[in-house]
2 protein chains.
Amino acid sequence: MKAEAVRRSSQDKPADLVRAPGNVAHAGERRESKADQTTRDRRDSRWDEHRRQRREQLVQATLTAVGRHGAGVGMDEIAAEAGTSKTAVYRHFTDRTDLYVAVCERVAQQLLPKLRAAMESSHHPREMVADAINAYLAFLEADPEVYRFVVHGQNGHFGRDADPITSLSDLVGDQAAALMALTLEQAGRDPGAAGAWGHGVVGLVRSAADWWVRSERPMLRTELAAHLTDLAWAGLSGVVSPPPATSPAPPTSPAPPISPAPPISPAPPTSPAPPSKEDK
Amino acid sequence: MKAEAVRRSSQDKPADLVRAPGNVAHAGERRESKADQTTRDRRDSRWDEHRRQRREQLVQATLTAVGRHGAGVGMDEIAAEAGTSKTAVYRHFTDRTDLYVAVCERVAQQLLPKLRAAMESSHHPREMVADAINAYLAFLEADPEVYRFVVHGQNGHFGRDADPITSLSDLVGDQAAALMALTLEQAGRDPGAAGAWGHGVVGLVRSAADWWVRSERPMLRTELAAHLTDLAWAGLSGVVSPPPATSPAPPTSPAPPISPAPPISPAPPTSPAPPSKEDK
DNA sequence: GGCCGGTACCGACGGTATCAGGTACCGTCT
DNA sequence: AGACGGTACCTGATACCGTCGGTACCGGCC
């Protein structure tokens, strides 16, 4: 693996992630001899602080660039925003994904404390959930472009094998899961569900928020937050529990309670040969 | 949006005629793009069926290609899979996104009936939720690559303005929302939350499923389904309700499983510690 | 020699242009 | 009526462009 700039992304994945067309075949030719910092002398370590700062600054520039050019920024634009050129960026980040991950971490560092603070503002668990949801939505509204970059990053050129992408949602989900595990444990219950629950709740809020934005905010943010809190807190049981009367869901074969667009191309291949017998 | 503006875009005929008013505003759905539809004769309409078939076939080829090359297929590979070349594909789909949407619709046509069938297999609402979740997970496991293509499609090069991408998640979410609205209405309650709830629940399952796959399936699918059902049905209230003892989530004292960085500002110039490295 | 940074470039990929055919429909001329 | 040319679509293929992520190679600083 590369020598120095890596340190972050590729260290936990043993296998180098190759892409479909083998273009980056030169794996080990770079001097790996000193890869281990056992050999590090002052000549090298002297730069540590500078490197850290530079990375940080580049992350900051990325955020700015996202604000200026939208969530689809290019590396050139990011570099330009940082007052330098792509090469410099690539010296500090192995690839776009690496940068992306760093940005996510940075944003998470801002967001998570807010979430935590919001939750600490109350002692009633339900209020805590409500506050956290509200904080999330506030973050979205504060800078939609950054939000899109960070949660809908079309990063990670995935090829067939798992994608090691660490998006913001993952990070937040991990937090939620950890918190949930802790809570469950404290309660003496099996924390096995913590992972699923944590990521599930985060996904709940995320998807609903995305939908909300996509459909041009059909309701007030506070309303959305309230609805989501209801759902996250009480679950779907609330949909049908109050009125035990009618059977709640499509009993047998109701007209599909669908949005107005099922008829896209329903017709299975049953048709007379059109013009030419087959298609040439 | 593009949906149907097929091939008619840049075609200029000499000796042309009343190009009528340019109302390219994509009315409802089905084909209308033909601006001068007044002139539509059999020479044109005769191909309609063929066009429909061809689109369908290309969608099918895309699915196959995704299976063969992974979720990151290129247009060339798709075309090759269909036994033709890119140009032919672009004759029927305005761009990659158009194809993507069509694929999503196709998959949704397979998935939604399954979901509906699963839900109809029981009368107890909670079981219905459980079955739907299970069906979703089954779909994921049946063909992970297609799943990834369809829910994590890095399609739609969005630029600053809204992207009308219709991913599979959206479609399923719409269904869920519609169903929920119907249920709420039947119960005489305000269906305002339906949208948020429908998309929220779908997002819940999706995110949890993604996490599950990403972390290499740390539990049985049935277990995951059970956990998700618990969460979706009863919500988070179940996490803390049983034991009324300690306040449930004090993120303060115990080493929060958090990334160790409270400082958000750019460069805390102190610690020589290289970038924090949590666990990941 | 370590590191930094820049220019110029590669290669992949989405998408287009332009070629060279092929076939059913239409209006018209005979 | 039938023949005929034009029309309105199809099909395939090759070659190409623009963009963008990523790299080779160079010079300069310690």
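These numbers come from a predicted model, not from an experiment.

1. Details of the overall build of chain A
Thought 1: When you go through chain A residue by residue, the secondary structure sums to 11 helices and 0 strands.
Thought 2: If you list the helices and strands of chain A from N to C, you get α-α-α-α-α-α-α-α-α-α-α.
Thought 3: Among the 280 residues that make up chain A, the fraction classed as buried is 45%.
Thought 4: Pairs at least 24 apart in sequence give 63% of the contacts found in chain A among residues at least 6 apart.

2. Notes on the packing of helix α9 (residues 194-214) of chain B against helix α10 (residues 221-234) of chain B
All names here are of chain B.
Thought 1: Packing of α9 against α10 brings their axes to within 11 Å, and their N-to-C directions diverge by 150°. As far as their axial angle goes, α10 and α9 are roughly antiparallel. The way α9 lies across α10 gives a crossing that is right-handed. For the pair formed by α9 and α10, the contact residues are Leu204, Val205, Ala208, Trp211 and Trp212 on the first element and Arg221, Leu224, Leu228 and Leu231 on the second.
Thought 2: Its residues placed into classes, the contact of α9 with α10 shows 8 nonpolar, no polar and 1 charged.

3. Thoughts on the packing of helix α5 (residues 96-120) of chain A against helix α7 (residues 144-151) of chain A
Describing two packed helices takes the angle between their axes plus the distance from one axis to the other.
All names here are of chain A.
Thought 1: Running from N to C, α5 and α7 point in directions that differ by 125°, and their axes come no closer than 10 Å. Regarding the angle of α5 to α7, the classification is oblique. By crossing handedness, the relation of α5 to α7 is classed as left-handed. Contacts from Arg96, Tyr100, Val103, Cys104 and Val107 of α5 reach α7 at Val146, Phe149, Val150 and Val151.

4. Considering the pattern of salt bridges
Thought 1: In total, this model carries 18 salt bridges over all chains according to the counting rule given.
Thought 2: Close ionic contact of A:Arg68 with A:Glu81 constitutes a salt bridge, the shortest N to O distance being 2.9 Å. A residue pair is termed long-range when its members are at least 10 positions apart, and A:Arg68 in helix α2 (residues 48-69) and A:Glu81 in helix α3 (residues 75-81) qualify at 13 residues.
Thought 3: Given the relative accessible area of 25%, A:Glu81 is considered partly exposed.
Thought 4: The shortest N-O distance in the salt bridge between A:Arg214 and B:Asp170 comes to 3.0 Å. Of this pair, A:Arg214 sits in helix α9 (residues 194-214) while B:Asp170 sits in helix α8 (residues 168-186), each in a different chain.
Thought 5: On the basis of relative accessible area, A:Arg214 is assigned to the partly exposed category, the value being 36%.
Thought 6: The buried category is assigned to B:Asp170, whose relative accessible area is 10%.
Thought 7: In this structure, a network of salt bridges that share partners links the residues A:Glu141, A:Arg217 and A:Arg221.

5. A closer look at the nonpolar core
Thought 1: If you look at the biggest cluster of nonpolar residues, it comprises 135 residues, and the most contacted ones within it are A:Leu168, A:Leu236, B:Leu168 and B:Leu236.
Thought 2: When neighbours within four sequence positions are excluded, A:Leu236 is seen to be in contact with A:Leu231, B:Val129, B:Met180, B:Trp197, B:Val201, B:Ala232 and B:Trp233.

6. A word on helix α2 (residues 48-69) of chain B
Thought 1: Here α2(B) is 22 residues long and its end C-alpha atoms lie 31 Å apart, about the 32 Å a rise of 1.5 Å per residue gives.
Thought 2: Looking one or two residues beyond α2(B), the residue adopting positive phi is B:Gly70, at roughly 90°.

7. A short note on the packing of aromatic side chains
Thought 1: In the structure shown here, the tally under the stated rule is 6 aromatic pairs over all chains.
Thought 2: Ring centres 6.0 Å apart and planes at 65° place the aromatic pair A:Phe139 and A:Tyr147 in the edge-to-face group.
Thought 3: Among the residues examined, A:Phe139 registers a relative accessible area of 12% and is labelled buried.
Thought 4: A relative accessible area of 3% places A:Tyr147 in the buried class.
Thought 5: Residues B:Tyr136 and B:Tyr147 carry aromatic rings whose centres are separated by 6.0 Å and whose planes lie at 90° to one another, so their mutual orientation is edge-to-face. On the criterion of sequence distance, the pair formed by B:Tyr136 in helix α6 (residues 125-142) and B:Tyr147 in helix α7 (residues 144-151) is long-range, its members being 11 residues apart.
Thought 6: Ring pairing ties together the aromatic residues A:Tyr136, A:Phe139 and A:Tyr147, which thus form one cluster.
Thought 7: Sitting over the face of the ring of A:Trp212, A:Arg217 holds its NZ or CZ atom 5.1 Å from the ring centroid.

8. With respect to the confidence of the model for chain A
Residue and element names in this part refer to chain A.
Thought 1: On average, residues of chain A score 72 in pLDDT, and 63% of them reach the 70 mark or higher.
Thought 2: Confidence, read as mean pLDDT per element, is least for helix α1 (residues 42-45) in chain A (55) and greatest for α9 (95).
Thought 3: Low pLDDT (under 50) marks residues 243-280, which in the prediction has 48 contacts with non-local residues, meaning those over four places away or in another chain.

9. Thoughts on α9(B)
Thought 1: In a regular helix each residue adds 1.5 Å, so 21 residues correspond to 30 Å; α9(B) covers 30 Å between its end C-alpha atoms and thus fits that length.
Thought 2: Once α9(B) finishes, B:Glu216 follows within two positions and takes phi at roughly 60°, a positive value.

Reading the values: the criteria
Residues numbered from 1 in each chain as written. Chains lettered and ligands numbered in written order. Predicted model: local features only at pLDDT ≥ 70, side-chain atom pairs only at ≥ 80, totals over all residues. Heavy atoms only, no water. Helix = DSSP H or I, 4+ residues; strand = E, 2+ residues; numbered from the N terminus. Buried < 20%, exposed > 50% of the residue type's maximum accessible area, 1.4 Å probe, protein only. Contact = heavy atoms within 4.5 Å. Axes fitted to C-alpha atoms, helices over the stretch in contact; angles between N-to-C directions. Parallel < 35°, antiparallel > 145°, perpendicular 65-115°, else oblique. Left-handed = near helix turned anticlockwise from the far one by under 90°. Nonpolar A, V, L, I, M, F, W, Y, C, P; charged D, E, K, R; others polar. Salt bridge = Lys/Arg side-chain N within 4 Å of Asp/Glu carboxyl O. Core = buried A, V, L, I, M, F, W, Y, C linked by side-chain atoms within 4.5 Å. Expected span 1.5 Å × (residues − 1). Phe/Tyr/Trp six-rings, centres within 6.5 Å; stacked < 30°, edge-to-face > 60°. Lys NZ or Arg CZ within 6 Å of the ring centre and 35° of its normal. pLDDT = per-residue confidence, 0-100.

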